[in-house]
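Descriptive analysis of the structure
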Amino acid sequence: MTGWLVAAVLLMAGGLGPALWLAARGDAVGRLAGLQLAGPVTVLTLLLLVQAYGPSSAVILPLTLTVLAFAGTLLFIRLLGTTE
Amino acid sequence: MTVVAQVLVFAGVAVVVVSALAMLRARTLLTRLHLLAPVTTLGAPLVGIGLAVANGWSLGSGAILLTVVLLAVTGPVLQSAAGRVEAQRRGAIDEDLPS
């Protein structure tokens, strides 16, 4: 197991785990913290997995996810702001 | 993987993991958002710079650096927007103010 994979596994266990826990508990606005943590952690995990396994062109996946996660989370915040 | 890249990547991973675990202990959304800030503004750039150092100058390194710059720019925007919704819910700010 290379260092990249060790770092990716650490991120998945120590980052995605808490993000899922936070996103699954509390009220709708409170879960936003888990959603906002899951986005960057997933992007960083994908970067490390691409470094370990994939061709360098696959780095377009985390780059695309960054933009999509930003738009999606912003939409959640906007809708919750009008309904709360 | 050079030593410098390894140190940078694992420092970034440590920042992300410590922040995530601290968010579990926090009780309010505003405190959690406060603890979320280092993930995008410190942890992600450290990991990205470490990967760029390992790859050297290439198009892939440029895409990695663009990714972490986007994370560092969009993270505070999302956190401030979520903080505003929470403040409105608590009645701390006027709901009629333009968003």
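Just so we're clear, the structure is a prediction, and the values are computed from it rather than from any experiment.

All names here are of chain A. Sequence positions flagged by UniProt for "transmembrane region" (unreviewed entry) are, in local numbering, residues 6–23, 35–53 and 59–80. Span residues 6–23 is 100% helix and 0% strand, its end C-alpha atoms 25 Å apart. Taken end to end, residues 35–53 comprises 95% helix and 0% strand; its first and last C-alpha atoms sit 27 Å apart.

Another aspect to go through is helix α1 (residues 3–25) of chain B. Spanning 23 residues, α1 of chain B covers 33 Å between terminal C-alpha atoms, matching the ideal 33 Å at 1.5 Å per step. Along α1 of chain B, the residues classified as buried are A5, V9, G12, V13, V15, V16, V17, S19, A20 and M23 of chain B. The secondary structure elements touched by the buried residues of α1 of chain B are α1 (3–23) and α2 (32–52) of chain A together with α2 (29–55) of chain B.

Turning next to the pattern of salt bridges. Applying the stated criterion to the full structure yields 3 salt bridges over all chains. Linking R89 of chain B and D27 of chain A is a salt bridge whose minimum nitrogen-to-oxygen distance equals 2.2 Å. Of this pair, R89 of chain B sits in helix α3 (residues 59–90) while D27 of chain A sits in the loop between α1 and α2, on two different chains. With a closest N to O distance of 2.8 Å, R89 of chain B and E86 of chain B form a salt bridge. Taken together, the residues span about one helical turn, with R89 of chain B and E86 of chain B both in helix α3 at a distance of 3 residues. Accessibility expressed as a relative area gives 34% for R89 of chain B, which makes it partly exposed. Three or more residues joined by partner-sharing salt bridges are found here, namely D27 of chain A together with E86, R89 and R90 of chain B.

On to the interface of chain A and chain B, then. Contact residues are listed per partner, giving 37 residues for chain A and 40 residues for chain B. Between chain A and chain B the total buried area reaches about 3,300 Å² when both faces are included, carbon and sulfur atoms providing 83% of it. The interface formed by chain A and chain B holds 2 residue pairs in polar contact (both at pLDDT 80 or more) in total. Among the secondary structure elements, those contributing two or more residues to the side of chain A that touches chain B are α1, α2 and α3 (60–83) of chain A.

Parameters at a glance
- Residues numbered from 1 in each chain as written.
- Chains lettered and ligands numbered in written order.
- Predicted model: local features only at pLDDT ≥ 70, side-chain atom pairs only at ≥ 80, totals over all residues.
- Heavy atoms only, no water.
- UniProt positions renumbered as here; feature names shortened; annotations may be inferred.
- Helix = DSSP H or I, 4+ residues; strand = E, 2+ residues; numbered from the N terminus.
- Expected span 1.5 Å × (residues − 1).
- Buried < 20%, exposed > 50% of the residue type's maximum accessible area, 1.4 Å probe, protein only.
- Contact = heavy atoms within 4.5 Å.
- Salt bridge = Lys/Arg side-chain N within 4 Å of Asp/Glu carboxyl O.
- Buried area = accessible area lost by both parts, 1.4 Å probe.
- Polar contact = N/O pair within 3.5 Å; in protein donor to acceptor, adjacent residues only side chain to side chain.

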